[in-house]
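# Coordinates in review
The primary structure of each chain is shown beneath.
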Amino acid sequence: MGEDIRFGTDGWRGVIARDFTFFNLARVATAYGRYLLAKGGKTVVVGYDTRFQAQAFAEEAAEVLAGLGLKAYLLQGPHPTPMLSFAVRHLGADGGLMLTASHNPPQYLGVKLKGPYGGSALPEEVKGVEALLPEAPSEARGRAEPLEVRTAYYEHLKGLLDLEALSRFPGVLYHDAMGGAGDSHLSAFLRHAGLALEVRELHNVPHPLFYGVNPEPLPKNLKTLLAVMGPEEAPTFAVATDGDADRIAAVLPGGRFFNPHQVFAVLLRHLHAKGLSGGVVKNFAVSWIVDRLAERLGLPVKTTPVGFKWITEAFLKEDVLIGGEESGGIGVKGHLPERDGILNALLLLESVARTGKDLATQFREIEALTGLTHAYDRLDLEIPTEGLLEKLREPRPLAGLTPRGLEDLDGIKWVYEGAWVLFRPSGTEPLLRIYAEATEEEIVNALLKEAEALVRSLVP
């Protein structure tokens, strides 16, 4: 049962009308509802982003959950995933179901499950739901209650930020919501907090086709934002949030991309400077600079497989200051055990306002502190991955570098002196991802080029 529905690194995703149908969604909602009821659950919250038919799918899921006997609440209008997670914890609900396919292409939709703590359902919880997937969904339907949490969420964020410092920010903040659920939440929060900062918004009207790109904040998908930032000057900067606004990247004056590893490092140092303590959790694809910075600050580091559920688990079991992924999903202490692109954008703003130093200057200081220069990139290849990793278990020289070892926590990582390459099948799309880090862009480019040629030679 349920062979056709697979939960990957972050929930279940499928192509709309082919895999992601009302029937299959109702099966998932039935399994999730029965799982919650079996654990004594009574309440569940459903949310959705800006994807095609997301509202209709969310209404169906909420009605199935209500039909099973749960009190089901439905957020009104598209919301960021972190706001759904906040709603679960704010209400004291037993779980949450979010209709989103995050950063995936527009033809995808998906489901993210959330625990009562307001973060990704843990691996054992997801297995429990999968085990209950029925051949056909429950027939009963009930009525969902509408729910509004924006004001409560903004109030919660106010308690995490230095509003007085934010009020001193002398530049402009640009926000590219990429047509996703981040829409105008940054400007709405600043208005709510009584701060008269200038926010200039791009692609902030919800758009099921995400204005023609995949809603993932990578340079190739942010051409308008990069162009707009060309003539700007520091301390002005831009943030971009993905389709469901739980991930973030930044763009600096001159149209320079400031990647999620750089964002992670700046936020880590900023939170530490604010006097917060705790460990650092990062996934297997995150830059070495985060490990080295944590070491310099005297903080322990833990590395997990890819998928935020592993970082959520660490937040719930340990004292964690910050946890994040290479894709820009970052969670911070005092908030939720969850990624939140909106809060992280505000924390970046706070770091500039408090230090009087723009993001580029802050990162240069981190490079000096760690003794590392940072260069990183990723390739996504549409090639069959079946059996491929086995062929990559023997590290080879690339870009003139001699391999020093192999790590296989998630995928296969070849480690060199001052560089590494990671081969990993995507958990949400039919892709092989190749990640590379080194101390110079030229080396990263050479590593990726040679790694791609090698992989293509190994695929029949």
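A brief look at the structure comes next.

About the thresholds
Throughout, residues of each chain are indexed from 1 in the direction in which the sequence is written. Given that this is a predicted model, residues contribute local features only at a pLDDT of at least 70 and side-chain atom pairs are listed and counted only at 80 or more, while totals for whole chains, interfaces and linings are drawn from all residues. As a rule here, side-chain values come from all non-hydrogen atoms in the structure, and water together with hydrogens is ignored. Grouping buried Ala, Val, Leu, Ile, Met, Phe, Trp, Tyr and Cys residues that are joined through side-chain atoms within 4.5 Å yields what is termed a nonpolar core. Any residue under 20% of the maximum accessible area for its type is buried, any over 50% is exposed, and the rest in between are partly exposed; the area is computed with a 1.4 Å probe on protein chains only. Contacts between residues were defined by any pair of non-hydrogen atoms, one from each residue, lying within 4.5 Å. Strands here are runs of E lasting at least two residues and helices are runs of H or I lasting at least four, both read from the DSSP assignment and numbered beginning at the N terminus. Salt bridges, as used here, are contacts in which a Lys or Arg side-chain nitrogen is within 4 Å of a carboxyl oxygen on Asp or Glu. Any two strands are treated as partners once DSSP identifies two or more bridges connecting them. Convention adopted: a line fitted to C-alpha atoms gives each axis, helices being fitted over their contacting stretch, and angles between N-to-C directions are expressed from 0 to 180 degrees. Pairs of N or O atoms within 3.5 Å make up the polar contacts considered here, provided that, within protein, one atom can donate a hydrogen while the other can accept it, and that residues adjacent in sequence are counted only when both atoms are side-chain atoms. Each pair of aromatic rings taken from Phe, Tyr and Trp, with Trp reduced to its six-membered ring, is defined by centres within 6.5 Å and is described as stacked if the planes are under 30 degrees apart, edge-to-face if over 60, and tilted in the remaining cases. Only when the NZ atom of a Lys or the CZ atom of an Arg is both within 6 Å of the ring centre and within 35 degrees of the ring normal do we say a charge sits over the ring. One less than the residue count of a helix, multiplied by 1.5 Å, gives the span that helix is expected to have.

In terms of nonpolar packing, the biggest core is built from 69 residues, with V45, F237, L268, I322, L346, L348 and L359 touching the most fellow members. Once residues within four sequence positions are removed from consideration, V45 is found in contact with Y73, L75, L84, A87, V88, L91, A93, G95, G96, L97 and L147. Y35, A66, A121 and V129 belong to the second-largest nonpolar core, a separate cluster that totals 38 residues.

Within helix α3 (residues 81-91), eight of the eleven residues are buried, which leaves the element mostly enclosed by the surrounding structure. Among the residues of α3, T81, P82, M83, L84, S85, F86, A87 and V88 are the ones counted as buried. Among the residues trailing α3, G92 stands out with phi positive, at a value near 70 degrees.

With that settled, consider the pattern of salt bridges. Tallying each qualifying case throughout the model produces 36 salt bridges. Between R18 and D19 there is a salt bridge, and its shortest N-O distance comes to 3.3 Å. Note that K39 and E125 form a salt bridge whose closest N and O atoms lie 4.0 Å from each other. Taken together, the positions of K39 in the loop between α1 (22-38) and β3 (43-48) and E125 in helix α4 (residues 123-130) put the pair 86 residues apart, joining distant regions of the chain. In this structure, a network of salt bridges that share partners links the residues K112, D244, D246, E325 and R339.

To continue, consider the sheet that holds strand β8 (residues 172-176). Whether parallel or antiparallel, the strands of a sheet pair through hydrogen bonds between backbone atoms. Sheet architecture is open: five strands sit in the order β9-β8-β10-β11-β12, paired in mixed fashion. A single partner strand is all that each edge strand has here, and the edge strands are β9 (198-202) and β12 (256-258). Direction aside, the axes of adjacent strands within the sheet are offset by 25 degrees on average. As paired strands, strand β11 (residues 248-252) and β12 are joined by three bridges and run antiparallel to one another. Each bridged residue has a counterpart across the sheet, and for A250 the counterpart in β12 is F258. Strand contacts of helix α7 (residues 185-192): β8, β9 and β10 (237-241), with the helix running at about 160 degrees to β9, the strand carrying the most contacts.

Our next topic: the side chain of N259. With respect to the secondary-structure elements, N259 resides in the loop between β12 and α9 (260-273). Here the side chain of N259 touches H374 through a polar contact of 3.0 Å, side chain to side chain.

This part takes up the packing of aromatic side chains. In this structure the tally under the stated criterion is ten aromatic pairs. Between F20 and F57, the ring centres sit 5.0 Å apart and the planes meet at 80 degrees, which makes this aromatic pair edge-to-face. Placement of F20 in the loop between β2 (11-15) and α1 and of F57 in helix α2 (residues 54-67) is noted, with a sequence separation of 37 residues between them. Exposure class is identical for F20 and F57. Each is buried. Clustering of aromatic rings is evident, with ring pairs tying together W12, F20, F22 and F57. Here the basic side chain of K413 rests over the ring of F284, its NZ or CZ set 4.2 Å away from the ring centre. K413 extends its terminal NZ or CZ atom over the ring of W420, reaching a point 4.2 Å from the ring centre.

Our next topic: the pairing of strand β21 (residues 432-438). Most of β21 sits out of view: seven of its seven residues are buried. Residues L432, I434, A436 and A438 of β21 are buried on one face, and the alternating residues R433, Y435 and E437, pointing to the opposite face, are buried as well. The pairing of strand β17 (residues 375-381) with β21 spans seven bridges and is antiparallel. Looking across to β21, one finds that D377 is bridged to A436. Two successive antiparallel strands, strand β20 (residues 419-425) and β21, enclose a turn made up of six residues.

Looking at where T241 falls in the secondary structure, it is placed in strand β10. Apart from the residues lying within four places of it in its own chain, the contact partners of T241 are H175, D176, A177, M178, G182, R247 and G341. Among the polar contacts listed, one links the side chain of T241 to the side chain of H175, at a separation of 2.9 Å.

Once that is clear, we can look at unusual backbone geometry. Backbone torsion omega between A234 and P235 reads 10 degrees, so that peptide bond is classified as cis. Mapping P235 onto the fold places it in the loop between α8 (223-229) and β10.

Pairing within the open sheet is mixed, and its four strands lie in the order β14-β13-β15-β16. Edge positions in the sheet fall to β14 (301-304) and β16 (330-332), since each has one partner strand and no second. For this sheet the average axis-to-axis angle between neighbouring strands, irrespective of direction, equals 15 degrees. Bridge analysis of strand β13 (residues 279-283) against β14 gives four bridges, and the strand direction is parallel. Note on β14: the bridge partner recorded for V281 is K302. Against the sheet, α9 engages β13, β15 (320-324) and β16, with an angle of about 175 degrees to β15.

A rise of 1.5 Å per residue sets the reference length of helix α13 (residues 359-370), with its twelve residues, at 16 Å; its end C-alpha atoms lie 17 Å apart and thus fit the reference within 8%. Those residues of α13 that fall on the buried side of the exposure criterion are L359, A360, T361, Q362, F363, I366, E367 and T370. Of the surrounding elements, those touching the buried residues of α13 are β10, β11, β12, α9, α10 (288-297) and α12 (341-355). A side-chain oxygen of the first residue of α13 lies 3.0 Å from the backbone nitrogen of A360; this N-cap is D358.

Everything listed here is a matter of coordinates, which is why it stays silent on function.
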